[in-house]
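# Coordinates in review
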Number of protein chains: 2
Amino acid sequence: MSMLLNMKTSPINEMRQHILDTAQIIISGKGFSAVGLNEILQEAGVPKGSFYHYFGSKEAFGEALLEAYFSAYLDQLEACLTQPGVSGAELLMGYWIKWRDTQSDCDPKGKCLAVKLAAEVSDLSESMRSVLQCGTDQVIARLARAIEAGMADGSLLHQNSPQDTATTLYQLWLGASLRAKITRDREPLDTALRATHVLLGLPSSTV
Amino acid sequence: MSMLLNMKTSPINEMRQHILDTAQIIISGKGFSAVGLNEILQEAGVPKGSFYHYFGSKEAFGEALLEAYFSAYLDQLEACLTQPGVSGAELLMGYWIKWRDTQSDCDPKGKCLAVKLAAEVSDLSESMRSVLQCGTDQVIARLARAIEAGMADGSLLHQNSPQDTATTLYQLWLGASLRAKITRDREPLDTALRATHVLLGLPSSTV
DNA sequence: CCGGCTCGTAGACGACTGGTCTAATAATGA
DNA sequence: TCATTATTAGACCAGTCGTCTACGAGCCGG
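This report concerns the structure included in the present document. (Residues numbered from 1 in each chain as written. Chains lettered and ligands numbered in written order. Predicted model: local features only at pLDDT ≥ 70, side-chain atom pairs only at ≥ 80, totals over all residues. Heavy atoms only, no water.)

This part covers helix H6 (residues 88-104) of chain A. Residue and element names in this part refer to chain A. Helix length check: H6 (17 residues) gives 25 Å between terminal C-alpha atoms against 24 Å at 1.5 Å per residue, within 8%. Within H6, the full set of buried residues consists of Gly-88, Ala-89, Leu-91, Leu-92, Met-93, Tyr-95, Trp-96, Trp-99, Arg-100 and Gln-103. Against helix H5 (58-80), helix H8 (126-152), helix H9 (162-183) and helix H10 (187-199) lie the buried residues of H6. (Helix = DSSP H or I, 4+ residues; strand = E, 2+ residues; numbered from the N terminus. Expected span 1.5 Å × (residues − 1). Buried < 20%, exposed > 50% of the residue type's maximum accessible area, 1.4 Å probe, protein only. Contact = heavy atoms within 4.5 Å.)

Counted by the stated rule, this structure contains 28 salt bridges over all chains. Ionic pairing is found between Asp-190 of chain A and Arg-186 of chain A, a salt bridge with its closest N-O pair at 3.2 Å. A relative accessible area of 38% places Arg-186 of chain A in the partly exposed class. Asp-164 of chain B is paired through a salt bridge with Arg-194 of chain A; the nearest N and O atoms lie 2.9 Å apart. (Salt bridge = Lys/Arg side-chain N within 4 Å of Asp/Glu carboxyl O.)

Our focus in this paragraph is the packing of H5 of chain A against H8 of chain A. All names here are of chain A. Interhelical geometry of H5 versus H8 gives an angle of 5 degrees and a closest axis separation of 8 Å. Judged by the inter-axis angle, H5 sits roughly parallel to H8. When H5 is examined against H8, the residues Glu-59, Gly-62, Glu-63, Leu-66, Glu-67, Phe-70, Tyr-73, Leu-74, Leu-77 and Glu-78 are found in contact with a partner set consisting of Glu-126, Ser-127, Met-128, Val-131, Leu-132, Gly-135, Thr-136, Gln-138, Val-139, Arg-142, Leu-143 and Arg-145. Of the residues assigned to the contact of H5 with H8, the class counts are ten nonpolar, five polar and seven charged. (Axes fitted to C-alpha atoms, helices over the stretch in contact; angles between N-to-C directions. Parallel < 35°, antiparallel > 145°, perpendicular 65-115°, else oblique. Nonpolar A, V, L, I, M, F, W, Y, C, P; charged D, E, K, R; others polar.)

Residue and element names in this part refer to chain B. Where helix H6 (residues 88-104) contacts helix H8 (residues 126-152), the two axes come as close as 7 Å, and the packing angle between them is 145 degrees. Each of Gly-88, Leu-92, Tyr-95 and Trp-96 in H6 lies in contact with H8, whose residues at this interface are Val-139, Leu-143, Ala-146, Ile-147 and Gly-150. In terms of residue class, the contact of H6 with H8 is built from seven nonpolar, two polar and no charged.

Turning our eyes to something else, we now look at the relation of the copies chain A and chain B. Expressed as a screw transformation, the operator carrying chain A onto chain B has a rotation angle of 180 degrees and an axial translation of 0.0 Å, and the superposed copies differ by an RMSD of 0.1 Å. What the superposition gives is, in effect, a two-fold axis relating one chain to the other. Here 100% of the interface residues in chain A have copies in chain B that are interface residues too; the copies meet face to matching face. (Least-squares fit on C-alpha atoms with pLDDT ≥ 70 in both.)

All names here are of chain A. On inspection of all chains with the given rule, the structure shows 24 aromatic pairs over all chains. When the centroid spacing of 4.9 Å and the interplanar angle of 80 degrees are considered together, the rings of Phe-51 and Tyr-52 count as edge-to-face. Considering the side-chain rings of Trp-99 and Tyr-170, the 5.8 Å spacing of their centres and the 65 degrees angle between planes classify their relative orientation as edge-to-face. In this pair, Trp-99 sits in helix H6 while Tyr-170 sits in helix H9, placing the two residues 71 residues apart along the sequence. Using a relative accessible area of 5% as the deciding quantity, one classes Trp-99 as buried. The rings of Tyr-95, Trp-96, Trp-99, Tyr-170 and Trp-173 are connected pair by pair, giving a single aromatic cluster. (Phe/Tyr/Trp six-rings, centres within 6.5 Å; stacked < 30°, edge-to-face > 60°.)

So, in structure tokens, the structure goes:
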């Protein structure tokens, strides 16, 4: 009983999370294949031999990394889209602006793992692809709910289906973030923000 | 003089191209870091030692790979967008439909290297990132010209700037292709195609 | 026709790192 | 004190990129 309750703060899970946190920063910079366990474990101050006490393999570790990432991301998304007294349209635009800002600065901590790893990992590991699919589907579903709420409160027009709009917007921002990695500036994300206004039927503002 | 003319068919360039063609298939599946020169050269039937007669390093090889890819892609794009007696809108939609079809089937030969490598390579090699930037910028510029032509022949409405629309569409399709790698089906690309209709101000068709 | 020359190629090799696992240590609890 | 568990050091081999020497095909002068 108490073991179940303390699952997240048990020493072994604390260590797991510590390794995952360290790895996220490194991997969001160098990718999955290009980073060795050595580098991660050394940075985390964990002996190499201990790795297989916490994770069954590098692939299982990758799964856990993505699961932890999406878990935190969805919490953050939920918080972002449930502020009292703010219209649905404003909540959504706040989310995209936050996306633009976190992906255009240079802090590796906030970089999106879906953008970084999707292409590399989907053809590499079926289990990691599956976590990625589950995570992104949940993000899109949450965005669709937010769009629906915006339609309900009158801040968004009814044009296409919320699911379709959410999917399109997510894909647009995925691609914009990818291109931002190429150009190394925020122009792709600014362009995506303008397009988001259009796709949501909002008056274009000076961003 | 004749050397310049024959540059593309000189034995050394034939060999280079043969290695590049072989590598493109493998790398578009497994990525850049995860593939060793061994595997590529073995598949190409080229001994390992000879590699450094054709390319200075793996990174230089990666540059050449991307250059060759974009060179071929831009030729293909040009051919796709310059068919006589077809309206600008139809040319563009033909291009997106072709994109959808090539990226949704399983043939690794036609897979987009920009989608596959952008995230991995941009943080790994400045020179490869630079080739990627140059290539994608050219694609977007060519798309912008096609949109401009569509406005000129009356098949497209004047709404936003051609450059902006081209950028948005390209990013949307980049992201849709990325998500298609995750979901392993064509739904992301079908959704992108519908959104493309909307963004171009065309009547939505049953795709 | 032949010997000596160059030059592109061949693939073994070096130094190193990868993920994985076993065997030994440290810590814990009875 | 001992049995059991938790932790870790280091060996392991396959694989990495890049180098280096040695082989052999082709040419040229005689």
